Amino acid sequence: MSKASPKAAGPPDTLPTSPEALPAPPAGSDPREITRRLSKLRDQIRHHEYQYYVLDAPEISDADFDVLMRELKRIEADWPDLITADSPTQRVGGKPLNGFDKVAHSRPMLSLDNVNSEEELREWDRRVRELAGAQEISYVCEYKLDGLSMALHYGAGSSAGAAGADKSAHLLRALTRGDGTIGEDVTSNVRTIRSVPLSISAKKLAAAKLPIDFEVRGEVVMPAAAFLRWNEEREAAGMAPAANPRNAAAGTIRTLEPNIVAQRRLDFYAYFALKANGDTLFSDQGTALDALTAAGFRVNPHRESIHDFERLLQFIASAEERRATLGYEIDGVVIKVGSTALQQRMGYTGRAPRWAVAYKFSARSAVTRVEDIRIQVGRTGKLTPVAVLSPVAIGGITVARATLHNADEIARLGLEIGDFVTVERGGDVIPKVVEVLARKADDDHPRRAFQFPTHCPVCGSEIVRAEGEADHRCVNIDCPARLRESLLHFAARNVMNIEGLGEAVVTQLFERGMVKSLADVYALDEPALLSLERIGAKTAQALLAQVARSKSAPLNRVLFGLGIRFIGERTAQLLAEEFGSIDALMTASQAELEQVNEVGPRVSQAIREFFDERKNVKLIERLRQTGLTLTAERRKKSSQLEGLTLVLTGTLPTLSREDAKARIEAAGGRVATSVSKKTNYVVAGEDAGSKLDKAHSLDVKVIDEAALLSMLAVSSSAS
Ligand code: IVH
């Protein structure tokens, strides 16, 4: 980031440019006033981010928040030199990463010893009390979050504003656990986690009694809602769902595109505060957690200081009870000796502290028999084998079915009907069969191999398995099972959101032949609905109101709802923004479709195939007649540099000339070859020559590559 030189930071009216070519000037033009406005806006935005992302208690609407954010982005675009690394606009950097640096931890990130039963916990408690001698023990109990541990380093940093007036602590570095001694620097990715403060004001530091240099350790998790959403998208895109939120979070943190990380909605919970050199900061773990809370970190509210053993057991029991409804995964309870002096006295065994232990919940798996294997037909025609189980309780829920994914998986498991299997249930994921147990000699339960059907069990059509694909599909696009699933998808909350159009109603509608196409839903009337079981006048009217309301769902939802292969929520959004209408999309060539970010040959082919099908064209026509929204506002082309003329000179540190030019033009700017009074900015790199001198003599604003990238980032990350 370039420092704001007096000239570069000068008011816009000193720029030799036509006023109409510039974006609306910021309030006032006195640089000091602008600095004040920027800092006020940033503080306000930080406060609202904290309310929303840490406390889950927003004070203003999303729209009002956007107004603040837009103003900040606008001013920063006019004053790129005043952009700071901890500005709320700077969470997502523009560039993909090349890899992660390896960095040593201030002190090793250890793991914990586990106990699995009350007896083992009692034994641990006894040892702790023995080591403590006469000293009274107080434990701090916390939930054991199931994510990946992370160390965040804060300090004054290099961006300590003008004349070191900035006494706030800045996020300098985020390290994964790695092998415990050396972690990976994933700062750019962690910056996108909105509950991670990019900076902490001097006031908050004082309130928390934190020095300016310190380290926070905690857990990065993917909340259940984010995990579900992501898995739905993966599935819509024809990818296997991630096994659990922990893998999803770990995989996300290691992607090289901070942009993608930002979309995954990860969260961070703090549970340790250390000095920069790795020493403990507070005299007690409870105090440390309170301090982290005061500093603005998200700290799990489910924590308690406990003296006696019975209360420990109660804490564990209540955690296990709450587990299913927390909205994030926990796999146990961590019990820590509160006093840090005592912790130090107790010390460590090889890899784990003696002063803490993890009480792990029992595994969420069980053994049961596979009674049958049935085939389910999904909305894309995919045939999924499902094991029908002898019902068994896993983590308080009765499980009677488990997915077997596909024919290859059955072969891999070596599964036959009648076998005993281990079934696992992780998070909100559908239970799955993980292994087949060896057959006991005296088990004479009948057993038979499963034959994958050659024809669709619902409509009798042929089944195909495409080259290189693991899945079998029913080829009949009118297969009632596909239609039923398609309608359920169409009506789902994140699609057309037709409340009341669930399994029970949809099944009846199909069984009675009342619905044969998605469009038929819009022809339903009250008498028709009243003929269904368990539907009274009130329910029928409510459902019809929902159906009517869904007509105004935006185009991206309609597109997602059509169930085109590989078109998930996000791709649908991109397509709607890019093409602006279903008509434009329907007539687009594969090459045109592939102009859209994230659309490759596989996706473009699926879209073409869908719209080349006469039946689907008819469906769209019928949907149009019922009054569905089939147009959308096209995304304005990135326009942050609209109307601006830039001149490039010298060698830029990372961008080639062509790259820089392409990016500027993509953002609506123009690249000129010589500097004149009409030039708005000169982007100067190493060994800049006469153009730079000319810029100075004409008083044209000079910026460096970092400032250019910031301006571009502001435009491309516009919400
Ligand atoms: S304390 C030396 N507290 O569990 C102390 N860990 O098996 C180690 N974890 O690597 C960490 N929630 O990733 C601690 N409230 C919590 C935790 C927690 C989850 C994870 C952490 C650690 C693993 C240890």
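Residues numbered from 1 in each chain as written. Predicted model: local features only at pLDDT ≥ 70, side-chain atom pairs only at ≥ 80, totals over all residues. Heavy atoms only, no water.

Q: In this structure, what is going on with the overall build of the protein? I would like to understand it.
A: Helix and strand counts for the protein come out as 25 helices and 25 strands. Relative to the globule expectation of 27 Å for 719 residues, the C-alpha radius of gyration of the protein, 30 Å, shows essentially globular dimensions. A principal-axis box enclosing the C-alpha atoms of the protein has dimensions of 90 × 80 × 50 Å. When the 719 residues of the protein are sorted by exposure, 48% land in the buried category. Counting only carbon and sulfur atoms, one obtains 51% of the accessible surface of the protein, whose full area is about 34,200 Å². If you average the places of the 93 positive and of the 96 negative side-chain charges in the protein, the two averages end up 2 Å apart. (Helix = DSSP H or I, 4+ residues; strand = E, 2+ residues; numbered from the N terminus. Rg over C-alpha atoms; globule rule 2.2 N^0.38 Å. Buried < 20%, exposed > 50% of the residue type's maximum accessible area, 1.4 Å probe, protein only. Areas by Shrake-Rupley, 256 points an atom, 1.4 Å probe, with all protein chains shown as cover. Lys, Arg positive; Asp, Glu negative; His and termini not counted. Charge placed at Lys NZ, Arg CZ, Asp CG, Glu CD.)

Q: Sorry, what's going on with the nonpolar core here?
A: The tendency in soluble globular proteins is for nonpolar side chains to be buried as a group. Core analysis: the largest hydrophobic core is formed by 57 residues, its most contacted members being L501 and L575. Those elements that provide at least two residues to this core are helix 13 (480–491), helix 14 (503–511), helix 16 (537–550), helix 17 (555–561), helix 18 (569–579), helix 19 (582–587), helix 21 (601–612) and helix 22 (614–625). Setting aside chain neighbours within four positions, we find L575 in contact with L559, I567, G580, L585, L593, V596, V599 and I607. By size, the runner-up hydrophobic cluster in this structure holds 43 residues, among which are F100, L198, A226 and L292. (Core = buried A, V, L, I, M, F, W, Y, C linked by side-chain atoms within 4.5 Å. Contact = heavy atoms within 4.5 Å.)

Q: Help me understand the environment of L543, please; the structure alone is not making it clear to me.
A: Its place among the elements puts L543 in helix 16. On the basis of relative accessible area, L543 is assigned to the buried category, the value being 5%. Sequence-wise, L543 and E499 are 44 residues apart; in three dimensions their C-alpha atoms are separated by 6.8 Å. If sequence neighbours within four positions are ignored, L543 has contacts with I498, E499, G500, L501, V505 and L529.

Q: Help me out: how do you make sense of the packing of helix 1 (residues 31–54) against helix 2 (residues 62–78) in this one?
A: In a packed pair of helices, the relevant descriptors are the angle between the two axes and the axis-to-axis distance. Viewed as axis vectors pointing N to C, helix 1 and helix 2 meet at an angle of 145°, and their least axial separation amounts to 10 Å. You can see that helix 1 and helix 2 cross each other, and the crossing is left-handed. Each of I34, R37, L38, L41, R42, Q44, I45, H48, E49 and Y52 in helix 1 lies in contact with helix 2, whose residues at this interface are D62, F65, L68, M69, E71, L72, I75 and E76. Among the residues forming the contact of helix 1 with helix 2, the class breakdown is 10 nonpolar, two polar and six charged. (Axes fitted to C-alpha atoms, helices over the stretch in contact; angles between N-to-C directions. Left-handed = near helix turned anticlockwise from the far one by under 90°. Nonpolar A, V, L, I, M, F, W, Y, C, P; charged D, E, K, R; others polar.)

Q: When you look at the site of the ligand in this model, what are you seeing that I'm missing?
A: Surrounding the ligand, one finds 14 residues, the nearest of these being E142, L145, E219, Y271 and K336. Y143 is positioned with one of its backbone polar atoms (N or O) 3.2 Å from a nitrogen atom of the ligand. For the ligand, a nitrogen atom lies 3.5 Å from a polar atom in the side chain of Y271. Across the complex, the protein chains shield 89% of the 520 Å² of accessible surface that the ligand would expose by itself. Contributions of two or more residues to the shell around the ligand are made by strand 3 (139–145), strand 9 (267–275) and strand 11 (330–337). (Near = heavy atom within 4 Å. Polar contact = N/O pair within 3.5 Å; in protein donor to acceptor, adjacent residues only side chain to side chain.)

Q: Hey, could you run me through the pattern of salt bridges in this one?
A: Note that side chains of opposite charge can pair when their charged atoms are close. In this structure the tally under the stated criterion is 47 salt bridges. D419 serves as the salt-bridge partner of R439, at 3.1 Å between the closest nitrogen and oxygen. Separated by 20 residues along the polypeptide, R439 in the loop between strand 19 (432–436) and strand 20 (463–464) and D419 in the loop between helix 12 (407–413) and strand 18 (420–424) bring together distant segments of the chain. For R484, the salt bridge goes to E485, with nearest N and O atoms at 2.8 Å. (Salt bridge = Lys/Arg side-chain N within 4 Å of Asp/Glu carboxyl O.)

Q: Is there a simple way to think about the sheet that holds strand 5 (residues 169–176) in this case?
A: Strand pairing in a sheet is mediated by backbone hydrogen bonds. Such pairs are either parallel or antiparallel. With antiparallel pairing, the five strands of this open sheet are ordered in space as 7-5-4-8-9. Edge positions in the sheet fall to strand 7 (199–200) and strand 9, since each of these pairs with one other strand and no more. Set on the sheet, helix 9 (residues 285–295) makes contact with strand 7, strand 8 (214–221) and strand 9; between it and strand 9 the angle comes to about 120°. (Pairing = 2+ DSSP bridges.)

Q: Sorry, what's going on with the pairing of strand 15 (residues 365–377) here?
A: The two faces of the sheet receive side chains in turn, since in a regular strand these alternate between them. Judged from the five bridges that link them, strand 15 and strand 18 form a sheet pairing that is antiparallel. Residue pairing across strands places R369 opposite F420, the latter belonging to strand 18. Both strand 15 and strand 16 (residues 382–394) contribute to a ladder of seven bridges, which runs antiparallel. Counterpart to R374 in the pairing with strand 16 is V386. Connecting strand 15 to the next strand, strand 16, in antiparallel fashion are four residues, including G381 with a positive phi near 90°.

Q: Explanation requested: the sheet that holds strand 23 (residues 670–672) in the structure shown.
A: Judged by pairing direction, the sheet is parallel, and its four strands sit side by side in the order 23-22-24-25 without closing on themselves. Of all strands in the sheet, those with a lone pairing partner are strand 23 and strand 25 (701–703), marking the two edges. Sheet twist, expressed as the average angle between the axes of neighbouring strands with direction ignored, equals 35°. For strand 22 (residues 645–649) and strand 24 (residues 681–684), the ladder comprises four bridges, and the chain directions are parallel. The residue of strand 24 that forms the bridge with V647 is V682. Helix 23 (residues 657–666) contacts strand 22 and strand 23 of the sheet and is inclined by roughly 170° relative to strand 22.

Q: Help me out: how do you make sense of the environment of N247 in this one?
A: Residue placement: N247 occurs in helix 7 (residues 245–253). In the structure, N247 is positioned 101 residues away from D146 in sequence and 9.6 Å away in space, judged by C-alpha atoms.

Q: Can you help me understand the side chain of N189 in this one?
A: In this fold, N189 is placed in helix 4 (residues 187–190). N189 sits in the buried class, given a relative accessible area of 0%. One polar contact links the side chain of N189 to the main-chain carbonyl oxygen of T255, over a distance of 2.8 Å. Sequence-distant contacts of N189, defined by excluding residues within four places in its chain, comprise L97, F100, T252, I253, T255, E257, P258 and V261.

Q: Looking at this structure, I do not really get helix 13. What am I missing?
A: Taking 1.5 Å of rise per residue, 12 residues should cover 16 Å, and helix 13 covers 16 Å from first to last C-alpha, within 8% of that figure. With 10 of 12 residues buried, helix 13 is to be regarded as a mostly interior element. Looking at the buried positions of helix 13, the neighbouring elements they touch are strand 15, strand 21 (472–474), helix 14 and helix 17. (Expected span 1.5 Å × (residues − 1).)

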